[in-house]
Structures are given as C-alpha cells and as structure tokens.
Amino acid sequence: MSAEIFSNICNGPFKRFLLLSKIIGQDVQNQSEIAFMAFQAEQRYIEYLENFKKPPSANVLLNPIIHQIDKIKMYVCNDPSLGDHTNVVAQSVKALLWLQQKDPVAYLEEVLADAKTYTDILLVFFKDKELHVEWVEAWLETLNDLNNFVRRRYPKGINWKDGHNTADSHHLQHLTESEILNNENLFKEIDKGQSIQEALRKLNSQDEVEETSEIGPSNAVFLQEGKRWKIEHQRGATKHLTINEAEPDNVVYIYDCKNITVVVERKVNVIKLDSCEKISLIFRSLISGIEIIGCKDLKLHAFGTLPSINLDSSSEVNIHLTKKGLDAQVMTSQCSKISLSYPMDDGYYKTFYIPNRLMTTVNTDYSLKTMAVLDE
C-alpha cells in the first residue's frame, strides 16, 4: 500500500533529520516539527486516495498540507546563526506539493536541484562541522526518498478511482483536521533511545582521501598567479573548490569547467566565467562585478554587494541575490533563460526571468521605439 510505503519516509532519514534538528538548536527543531506535521498530513491524503472516492473539493485534503507548508515558509528564526538552516527547509518543503502537479517527476527534479543549491550555500559555512553536514544529508535523503516514492507509485500524478467507497463526514474530518496531526509519539521515541552518536554517521577516511584526490583531466588547473586565480578544465559532481585567501584586488577566472562548485569566501574585484557548464558559484561581495561568456546552466549565489553582472551568449543562468545585492545592474547580450531570485518583503525568495527578446516599432515621428518582451 502506498500509505505504508510513504510512512517509511518518516521512519527513515527524516527521523534522523528530526533528531539532528533538535540537537542543532531550538529554531531548527521548531521548524522541523512543523515539517513533520506536513509529512503526516500528506500521508493522510494518500490514505484517503487509496481508500475513497475523490471528495467534492480536493482542497479539503490539501489544505492541511498547505497550511503546514505556509507555516514553515513564514517561520521566523530568532538565531542569526541558524537562518541558513531554516531557509533550506522553507525553500524545499514545497516538494510535498507534487500532489498538485501534472508531471510530479519533473517537478520534484526541479525542487531537488533547488534544494541542493540551498544546502550548498549552507555547507560553505558549516563544511567542517559534522553535525550540520549530517543534518543536510538527512534532509536531502528525505527528499530523495519522497522523489523515489513518487517515481514508483505516481509517475503520472495521482489517479482517483471511481470504484472506491465514499468517506462519511466523520472519517473525512478525521483525515483532514490538522489538529490531530501531532509529533508527540515520534519525539518520545527519539528521546528514549537515540543519541547524537547514533544519528551521526562517521565519515570514512578512505572515502575522504579518494574524493579530495580527484583532480579531473590531466590539464586541470587550480592555482594563483599573482593577483589572478585560475580554475580551468575542472570536472566532477562532488568537487568543491574553495578560494579563501583572496584579496580585494584579485581576479578569479573560471574557464572550461563543468559540474563543480566554486566558493570564493572573501571579497574580490572581478569573477569571470568562460565556456562553463553546470557550475554552482558561491561568493560574497565583488568590487567591479561578474562577467559570464558562453556559459550554460549556472547557479550564482551572491551574499554581498556586486555593482554589475554582464552576460554574453549564455543560457539557463540563475542569479541568487540577497537584499545587499539588489542594486546590481544586469546586462545581457544574446542570452536566454536568465533569471533573478531575491527575497521579497516577507523574506521568501521569488524568481523572475529577464526578457531575452526586443520588439521595435516606428513612432509617429518616424523615430524607433524598442521594448523588452518577456517570454511566457
């Protein structure tokens, strides 16, 4: 039964995620408890789906899930040191809304990619703290479990069957009331037996050596030449290259790299990306700006200020800004699918696409008028 299989998600890495959240801090724990409520609401939806006909309004089943997701998104973290943790969950718990999607597999792939983006940002600052690394892994494994569940059971979306029984009002109320969703038993179970030692999985030193020894092609470069940092021909999905000793007058040049993460921990003058693909670039502030030429599928995460972002002949570039970077000017030439993500007044991030087409008309005075056209 699908509901029983779904329950295994809550008893797998998600249980470890809850324990680690409790250890990390009160704000993270509070938000994780709301996440548990959301997962329980989804399990009850699936129970209804398996046993009864579709109700007159499907919203009556979705509302408890949406209610908990909204609480997670609006959760206020009072501890600045844990803000990245609560942001990770707030940005990716929308995975539970696969129930609303016509193509849930594609939807979850996008959510998982976004989740990895946010966890990469968090790990920049907590990469040497095993507790936080394990917390990230437990959350990503939970989302992966959900993704695998949907792929196996509902690859084409949910399917109501006419032959099912009709639920009476009492049973429907029991399935949909958020008040009955509680985490008391789960946390009692956690408090009884598990400890941080049981939750943490020790890193294998052999694996560490093998991962750090991966250098990619023989012509791969990662070095500093005076004021210039060169990263060239690097490959590897697990590769994280960090520049932590740069100066404000330095230039970072990234050429012909694919499927790597680059972290620039200090302010530099300029970052240039040339002929790169599937790069996650995380950096603080820039004095001049960032230049991107002939690149595809990039995720840029700026934590500070940057005057300009220049893109030429590039596509599928998402630029993630904080409020400090909203003054940046974005210039594009022969580009497509360029988007900006930044926080709104409520603190939740929203993505906007930059127009990549221009429409020109002739005015009555015979001058030209050119307007940007945003593709829908």
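Residues numbered from 1 in each chain as written. Predicted model: local features only at pLDDT ≥ 70, side-chain atom pairs only at ≥ 80, totals over all residues. Heavy atoms only, no water.

Caption draft 1: Quick peek at the overall build of the protein. Tallying secondary structure elements over the protein gives 11 helices and 16 strands in all. Every one of the 376 residues in the protein was classed for burial, and the buried ones make up 46%. For the protein, the proportion of contacts with a sequence separation of at least 24, taken over those separated by at least 6, is 42%. For the protein, the accessible surface area stands at approximately 19300 Å², while carbon and sulfur atoms represent 48% of it. (Helix = DSSP H or I, 4+ residues; strand = E, 2+ residues; numbered from the N terminus. Buried < 20%, exposed > 50% of the residue type's maximum accessible area, 1.4 Å probe, protein only. Contact = heavy atoms within 4.5 Å. Areas by Shrake-Rupley, 256 points an atom, 1.4 Å probe, with all protein chains shown as cover.)

Caption draft 2: Geometry of the sheet that holds strand β7 (residues 277-283). One open sheet accounts for seven strands, arranged β3-β5-β7-β9-β11-β13-β14; its pairing is mixed. Strands at the two margins of the open sheet, each flanked by one partner only, are β3 (240-243) and β14 (349-353). The sheet shows a mean angle of 15° between the axes of neighbouring strands, direction not considered. Sheet analysis places strand β13 (residues 336-343) next to β14, joined by five bridges and oriented antiparallel. Across the sheet, the residue bridging to proline 343 is tyrosine 349, located in β14. In the packing of helix α6 (residues 104-126) onto the sheet, the strands contacted are β3, β5 (258-264), β7, β9 (296-302), β11 (315-321) and β14, and the crossing angle to β9 comes to about 40°. (Pairing = 2+ DSSP bridges. Axes fitted to C-alpha atoms, helices over the stretch in contact; angles between N-to-C directions.)

Caption draft 3: Representation of the packing of helix α3 (residues 26-51) against helix α5 (residues 83-92). Viewed as axis vectors pointing N to C, α3 and α5 meet at an angle of 15°, and their least axial separation amounts to 9 Å. By the angle between their axes, α3 is roughly parallel relative to α5. Here α3 and α5 pass one another in a crossing that is left-handed. Contacts from Asp27, Val28 and Gln31 of α3 reach α5 at His85, Thr86, Val89 and Ala90. Taken together, the residues of the contact of α3 with α5 sort by class into three nonpolar, three polar and one charged. (Parallel < 35°, antiparallel > 145°, perpendicular 65-115°, else oblique. Left-handed = near helix turned anticlockwise from the far one by under 90°. Nonpolar A, V, L, I, M, F, W, Y, C, P; charged D, E, K, R; others polar.)

Caption draft 4: Region of the structure containing the pattern of salt bridges. The tally for this structure, following the rule as stated, stands at eight salt bridges. Salt-bridge contacts for arginine 151 lead to glutamate 109; the nearest nitrogen and oxygen are separated by 2.5 Å. Here glutamate 109 lies in helix α6 and arginine 151 lies in helix α7 (residues 130-153), a separation of 42 residues in the sequence. Since its relative accessible area comes to 37%, arginine 151 is described here as partly exposed. The class for glutamate 109 is partly exposed, based on a relative accessible area of 42%. Linking aspartate 256 and arginine 235 is a salt bridge whose minimum nitrogen-to-oxygen distance equals 3.4 Å. With aspartate 256 in the loop between β4 (251-255) and β5 and arginine 235 in the loop between β2 (228-232) and β3, this pair connects stretches of sequence that are 21 residues apart. A residue is classified by how much of its surface remains accessible, and aspartate 256, at 23% relative accessible area, is partly exposed. One salt-bridge network, in which partners are shared between bridges, spans Arg16, Glu134 and Glu141. (Salt bridge = Lys/Arg side-chain N within 4 Å of Asp/Glu carboxyl O.)

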